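Residue strings, one per chain:
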Amino acid sequence: MKPKCILLSLGLLLAATQAQAGPLPASSGTTVPDGRGTVASPKTAGAGPIAQPWRTTDDIIPGWDWSLPPDVRASPRGWLAYGSDEDLTTPFPPGNRVIALHLRWRDLEPRDGEFDFTAARARIARIAAAGLGVNLTILGAVWRFDKTDRQGNVTAPSNGSDPRESAPRWLADLGVPLIQEKAITNNVSPFQITNCDIFHPLYHERYLRFIRALGQSGLPALAAVKVAYLCDKSATNGEEGWTAADQPTSGEGWQRYRERLAAWAEAFGAKSHVLMTVSSKPQYLEECYLLGIGQRNGFVEMYLGHVDNAAMGQSVDAEGYLLTDENCPPLARGYAWGDENEEYSRGWTARFGPYETFGHRYRESMLRALQMRRNYLRTDRSDLDPALLHYVCLELGRTVEDTPDAWCYLRETPTHEHPQGVRNFERWLQQRDRDGARTVAVDRYDIEKQNSHSHDFTARRTDVARGQTKIGFALDDRFLPGGPHRVAFKVTYRDEGDAVWRLVYDAARPDSPPARVRCTGTGEIRTATFFRDDVRFGATGLDFDFAIESERGDAVIKFVRVVRLQHAGGGGDRPQ
């Protein structure tokens, strides 16, 4: 048995590191208001990420704690697109931001067989001169974009010049068929798209020719091109593909889709790993992975999609814990691996419910993207939590070898597919229920509108009444094996009743300063930080490396981080 040191902190300071608003108002029926800050006001929206100050002594602060040591820099493998225009002035951590550059086939091949990449090259050069990267998104399926009302009736017909109309106009001379898609009426501004039939032989032939010309232009090889979307067709904005008609899985359609993928991989050559398919279908992903192509999703703001998709490295085990398989090819081989966390303006309440709940959804979505080990994220300019945004900027693209921290979010959500609950978002730190350390999901947050579930639990507590006094944690064996190590433990908890709890770990010194948290019954969310330089993590597998143990009452714990203090800085050196 490991020797344990019970940490007892004397004179913990209750001090805010920056101005932080109180908890978000709960949605109807919410038991515990949960959230760090309020929705950004128009004066602060678009300010970009703001680092939460790093402290160097034990303390307790109100709210969540997203701080990292000041030497931590963005990984060269991680990228974040902030907004959708070409604003080059918003401050961002060095090397972390890309501009989502949308180009249209219509402009790059204005006449059949005549290619012009001059303007595109100039735009990329301007972005590169500002020290930023590019997410290259080339659109080519939309023929017509009509605005509609909520019933799908066209209110503003296209005049042929809408910037979202991406297909070359000369395709009409070839007789390429058009497909009128279903109107999208739950959008901020309802619309209806008419696409070209991208699997028609004449469209397909010209499209492959265009992609070959793109490769010969040298644009994919430019150092500024960090990631790129592989688009299809769809009824939605972005040509993202959803239905069987958008992404066929058999016959000539499937064969032509494979030819599209192969053409893109050839055009990008040694940089095929920066490409991301917009599909999540296992059949498509298998083909992409063979070609060295990664994947991206949308709708991470509906943060429990694809928890059962092994092709994306996601599964739920028999105990309900959400697992990430790092042997999944994009994770193991460093392919571009992205998601989109957007749709937070007030216009999205029809889809997501009251605006006051958006802060909760924003945090859940950001942490879900990191739990999946995403290395690319596109987010809008809502700035619901600038400190969390800054943290995500520095976390994207990390591996267990270069991550500055490991963490566990002790949450649980009953879903339609998993009514007993999907447990935790974990990033190299795992919590598991065992005898003496069996926990209860608490702090219910009701959600008015969500596809997969109606509420979340955002904390776990001990169950002292039943003899379950601990919450146990196992660090990934690759993170900080052995020891002793210098680390900071950060524990976000709810200040519940007069509970007293302590952190227990294997200490190299018998006189290691102890730490204890005494709750004062405010019900507030707080984060306690303990700096220690003698921590040993000698357990293996899912055996506990440390635990939170209740002395009186029940500990209500939300989020636990272990920050290593010998961090090397920016991380790996694979070019993107």
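What counts and what doesn't
Residues numbered from 1 in each chain as written. Predicted model: local features only at pLDDT ≥ 70, side-chain atom pairs only at ≥ 80, totals over all residues. Heavy atoms only, no water. Buried < 20%, exposed > 50% of the residue type's maximum accessible area, 1.4 Å probe, protein only. Helix = DSSP H or I, 4+ residues; strand = E, 2+ residues; numbered from the N terminus. Pairing = 2+ DSSP bridges. Axes fitted to C-alpha atoms, helices over the stretch in contact; angles between N-to-C directions. Contact = heavy atoms within 4.5 Å. Phe/Tyr/Trp six-rings, centres within 6.5 Å; stacked < 30°, edge-to-face > 60°. Lys NZ or Arg CZ within 6 Å of the ring centre and 35° of its normal. Polar contact = N/O pair within 3.5 Å; in protein donor to acceptor, adjacent residues only side chain to side chain. Salt bridge = Lys/Arg side-chain N within 4 Å of Asp/Glu carboxyl O. Core = buried A, V, L, I, M, F, W, Y, C linked by side-chain atoms within 4.5 Å. Parallel < 35°, antiparallel > 145°, perpendicular 65-115°, else oblique. Left-handed = near helix turned anticlockwise from the far one by under 90°. Nonpolar A, V, L, I, M, F, W, Y, C, P; charged D, E, K, R; others polar.

A. Broad picture of the pairing of strand β26 (residues 525–537). Buried residues dominate β26, accounting for 11 of its 13 residues. Taken together, the four bridges between strand β2 (residues 59–62) and β26 define a ladder with antiparallel strand orientation. Following the sheet pairing, Pro 62 is matched in β26 by Arg 526. In the sheet, strand β24 (residues 500–507) pairs with β26 via two bridges, with the strands oriented antiparallel. Looking at the pairing, Asp 506 lines up with Arg 536 of β26.

B. Spatial organisation of the sheet that holds strand β7 (residues 154–156). Strand order in the open sheet formed by four strands is β7-β6-β9-β8, with antiparallel pairing between adjacent strands. The sheet terminates laterally at β7 and β8 (178–180), the two strands that pair on one side only. Across the sheet, the mean angle from the axis of one strand to that of its neighbour is 40°, orientation sign disregarded. Here strand β6 (residues 142–148) runs beside β7; their pairing, made up of two bridges, is antiparallel. By the bridge assignment for β7, Thr 148 is matched with Val 154.

C. Region of the structure containing the side chain of Glu 181. With respect to the secondary-structure elements, Glu 181 resides in the loop between β8 and β9 (191–196). Among all residues touching Glu 181, those that are not within four sequence positions of it are Gln 192, Ile 193, Asn 195, Lys 233, Ser 234 and Ala 235.

D. Inspection of the packing of aromatic side chains at higher detail. Under the defined criterion, the tally for this structure stands at 33 aromatic pairs. Seen from their ring centres, Trp 64 and Tyr 409 are 5.8 Å apart, and the 85° between their planes marks the pair as edge-to-face. Taken together, the positions of Trp 64 in the loop between β2 and β3 (79–82) and Tyr 409 in strand β17 (residues 405–413) put the pair 345 residues apart, joining distant regions of the chain. Here the two residues Trp 64 and Tyr 409 agree in accessibility, since each one is buried. With 6.0 Å between their ring centres and 35° between their planes, Trp 264 and Phe 268 make a pair best called tilted. Of this pair, Trp 264 and Phe 268 both sit in helix α4 (residues 251–268), four residues apart, which is roughly one turn of that helix. Comparing Trp 264 with Phe 268 shows no difference in burial state: the two are buried. Clustering of aromatic rings is evident, with ring pairs tying together Trp 64, Trp 66, Tyr 391, Trp 407, Tyr 409, Phe 425 and Phe 559. Taking NZ or CZ as reference, Arg 169 lies 3.8 Å from the ring centre of Trp 143, over its face. Here the basic side chain of Arg 260 rests over the ring of Tyr 207, its NZ or CZ set 4.1 Å away from the ring centre.

E. Spatial organisation of the side chain of Asp 146. Structurally, Asp 146 is set in strand β6. Owing to a relative accessible area of 5%, Asp 146 belongs among the buried residues under this scheme. Side-chain polar atoms of Asp 146 contact the backbone nitrogen of Ser 158, separated by 2.7 Å.

F. Quick look at the pairing of strand β27 (residues 546–552). The element β27 is largely enclosed, with a buried count of five among its seven residues. Bridge count between strand β22 (residues 470–475) and β27: four bridges; the pairing is antiparallel. Bridging from a neighbouring strand, Lys 470 pairs with Glu 549 of β27. The sheet contact formed by β24 and β27 spans six bridges and is antiparallel. Bridge assignment links Trp 501 to a residue of β27, and that residue is Ser 550.

G. Molecular detail of the pattern of salt bridges. Under the criterion given, the structure shown has 57 salt bridges. One salt bridge connects Glu 340 with Arg 296, and the closest N-O pair in it is separated by 3.5 Å. One end of the pair, Glu 340, is in strand β15 (residues 337–341); the other, Arg 296, is in strand β12 (residues 294–296), with 44 residues separating them in the sequence. Given a relative accessible area of 2%, Arg 296 falls into the buried group. The network of salt bridges with shared partners includes Arg 55, Asp 59, Asp 65, Asp 405, Lys 490 and Arg 561.

H. Region of the structure containing the nonpolar core. By size, the foremost hydrophobic cluster in this structure holds 55 residues, and its most contacted members are Leu 136, Ile 138, Leu 171, Tyr 203, Trp 264 and Phe 268. For this core, the elements supplying multiple residues, two or more each, are β4 (97–104), α1 (105–108), α2 (118–129), β5 (133–139), α3 (201–217), β10 (225–230), α4 and α5 (282–290). The dominant element in this core, judged by the number of residues it contributes, is α4, at eight residues. With residues up to four places along the chain from it excluded, the contact list for Trp 264 reads Ile 138, Tyr 207, Ile 211, Leu 214, Tyr 229, Leu 230 and Leu 275. Core analysis: the second largest hydrophobic core is formed by 43 residues, Val 72, Phe 92, Tyr 303 and Phe 358 among them.

I. Here's a closer look at unusual backbone geometry. The linkage connecting Gly 483 with the following residue, Pro 484, adopts the cis geometry, with an omega of 10°. Mapped onto the fold, Pro 484 is located in strand β23 (residues 482–494). In the Ramachandran plot, Phe 299 falls in the positive-phi region, its phi being about 65° despite a non-glycine side chain. With respect to the helices, strands and loops of the structure, Phe 299 is situated in the loop between β12 and β13 (314–316). Look at Phe 299 and you get partly exposed, because its relative accessible area is 29%. At Arg 373, a residue that is not glycine, the phi angle is positive and equals roughly 70°.

J. Highlighting the sheet that holds strand β16 (residues 376–379). Around the barrel, which closes on itself, the eight strands sit in the order β3-β4-β5-β10-β11-β12-β15-β16 with parallel pairing between neighbours. Sheet twist, expressed as the mean angle between neighbouring strand axes with direction ignored, is 30°. Examined bridge by bridge, β3 and β16 share four bridges and lie parallel to one another. In the strand pairing of β16, Tyr 82 is matched with Thr 379. Sheet contacts for α2: β4, β5 and β10; angle to β4, the most-contacted strand, approximately 170°.

K. Looking closely at the packing of α3 against α4. Two numbers describe how α3 lies on α4: the axes approach to 8 Å, and their chain directions differ by 10°. The angle between α3 and α4 falls in the class roughly parallel. Once α3 is placed against α4, the crossing between them reads as right-handed. Contacts from Pro 201, Tyr 203, His 204, Tyr 207, Leu 208, Ile 211, Leu 214 and Gly 215 in α3 reach Arg 256, Glu 259, Arg 260, Ala 263, Trp 264, Ala 267 and Phe 268 in α4. When grouped by side-chain class, the residues that make up the contact of α3 with α4 number 10 nonpolar, two polar and three charged.

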